[in-house]
Amino acid sequence: MSAAEWKKKCEEEWSLQSAPMPDGLDWKSVYEAKPFGRNLLMNPAPYGLSKDIPPPEPELPAVPDRGPPRFQPDGNFTGWTTNSEVLPYDTSGIPEGVVVCALPRYSWFTMEQVVDLKAKGLWDELLDEFQPEIAIQDWYEESQLHDSIYQLHVKLLGADKNTVISEHTVNPTEQRLVYSHEWKEVSHVFSGYGPGVRYVHFLHRLKNSFLNGFHNTQFTGSAVIVRPSKSSP
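Since we're looking at a predicted model, the values are computed, not measured.

Asker: I'd love a proper account of the overall build of the protein chain, names of residues and values included.
Answerer: Summing up its helical and strand segments, the protein chain has three helices and nine strands in all. If you line up the protein chain on its principal axes, its C-alpha atoms span 75 × 30 × 30 Å. Counting only residues that meet the buried cut, the protein chain has 39% of its 233 residues in that class. Positive and negative charge centroids in the protein chain, built from 21 and 31 side chains respectively, lie 3 Å apart.

Asker: Before we move on, can you summarise the sheet that holds strand β3 (residues 132–141) with the specific residues and values?
Answerer: Taken together, the three strands give an open sheet; going across it, the order is β6-β3-β9, and neighbouring strands pair in antiparallel fashion. Of all strands in the sheet, those with a lone pairing partner are β6 (183–190) and β9 (219–230), marking the two edges. Each neighbouring strand pair of the sheet contributes to a mean axis angle of 15°, computed without reference to strand direction. Looking at chain direction, β3 and β9 are connected through seven bridges and run antiparallel. Looking at β9, one finds that Gln 137 is bridged to Ala 223.

Asker: Hey, could you go over the nonpolar core for me, with residue numbers and the actual values?
Answerer: Within the largest apolar cluster, 44 residues are counted, with the highest numbers of intra-cluster contacts made by Leu 117 and Ile 134. Among the elements that make up this core, the one with the highest residue count is strand β4 (residues 150–157) (four residues). Here this core spans two domains, since at least three of its residues come from each of domain 1 (1–33) and domain 2 (38–226). With residues up to four places along the chain from it excluded, the contact list for Leu 117 reads Leu 40, Leu 122, Leu 127, Ile 134, Val 197, Arg 198, Tyr 199, Val 200 and Val 226.

Asker: Got a sec to walk through the packing of aromatic side chains? Specific residues and values, please.
Answerer: Using the criterion set out here, one finds 11 aromatic pairs in the structure. Between the aromatic rings of Tyr 47 and Phe 219, the centroid separation amounts to 5.8 Å while the plane-to-plane angle is 80°, which identifies the pairing as edge-to-face. On the criterion of sequence distance, the pair formed by Tyr 47 in the loop between α2 (27–33) and β1 (81–86) and Phe 219 in strand β9 is long-range, its members being 172 residues apart. For the pair shown, Tyr 47 and Phe 219 are each scored as buried. Where Trp 80 meets Phe 202, the ring centres are 6.0 Å apart and the plane angle is 65°; that geometry is what we call edge-to-face. Of this pair, Trp 80 sits in the loop between α2 and β1 while Phe 202 is found in strand β7 (residues 199–210), placing the two residues 122 residues apart along the sequence.

Asker: Which residues make up unusual backbone geometry, and what are the values?
Answerer: Positive phi is not limited to glycine here, since Lys 34 has a value of about 50°. If you trace the backbone, Lys 34 turns up in the loop between α2 and β1. Residue class for Lys 34 comes out partly exposed when judged on its relative accessible area of 35%. Phi at Lys 161 is positive, roughly 65°, even though this residue is not glycine. Looking at where Lys 161 falls in the secondary structure, it is placed in the loop between β4 and β5 (164–170). Its relative accessible area of 46% is what places Lys 161 among the partly exposed residues.

Rules and cut-offs
- Residues numbered from 1 in each chain as written.
- Predicted model: local features only at pLDDT ≥ 70, side-chain atom pairs only at ≥ 80, totals over all residues.
- Heavy atoms only, no water.
- Helix = DSSP H or I, 4+ residues; strand = E, 2+ residues; numbered from the N terminus.
- Buried < 20%, exposed > 50% of the residue type's maximum accessible area, 1.4 Å probe, protein only.
- Lys, Arg positive; Asp, Glu negative; His and termini not counted.
- Charge placed at Lys NZ, Arg CZ, Asp CG, Glu CD.
- Pairing = 2+ DSSP bridges.
- Axes fitted to C-alpha atoms, helices over the stretch in contact; angles between N-to-C directions.
- Core = buried A, V, L, I, M, F, W, Y, C linked by side-chain atoms within 4.5 Å.
- Domains from an automatic or database assignment.
- Contact = heavy atoms within 4.5 Å.
- Phe/Tyr/Trp six-rings, centres within 6.5 Å; stacked < 30°, edge-to-face > 60°.

Following this line, the structure appears as structure tokens:
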């Protein structure tokens, strides 16, 4: 196929008739990269779980694990940069004079990725002028460990990987009056974000605890998807 034919194929398959499509691009490479409508994150389910199946019930050990405390969950975190932050003991709810034999030790487990949009097949004119919608999705487990078990922070970055052009933060408070153990969806669509976006920085944190064993909050289905739709301010 000729360069013009590859360009026409991209235009028709992704309905890009109103998008800037410069002749100088390697349209065969763009088509093969398939930058639209697919998840651009690597390894979106490190625990091997699906949002379509309820999260597994935690297994209670036959013999309590007395330690030392553990703060790193098991999983295949290839593609993610990970970090654990151990939190101070929370004694705020303990009345004065009460002796407590053991308290849970909480920690945040942080996972992040940076998506290079041009490396995924997108181009400058599209990102700057057309500004396609960038959809974010994530699913986290109602682990019932704490009132705050999940945080999400997504940033659209410029070419220097430092300039923040747009960002979205989620920090929900869990309602634990009634027991529930399902997946909870988090989603957002960036649109009309302005020119200059070249990277998406995806970061989420999930809370774990250690008390007579390690208990973690799991996630699945993390996604960054670019849609061939012109965004509006």
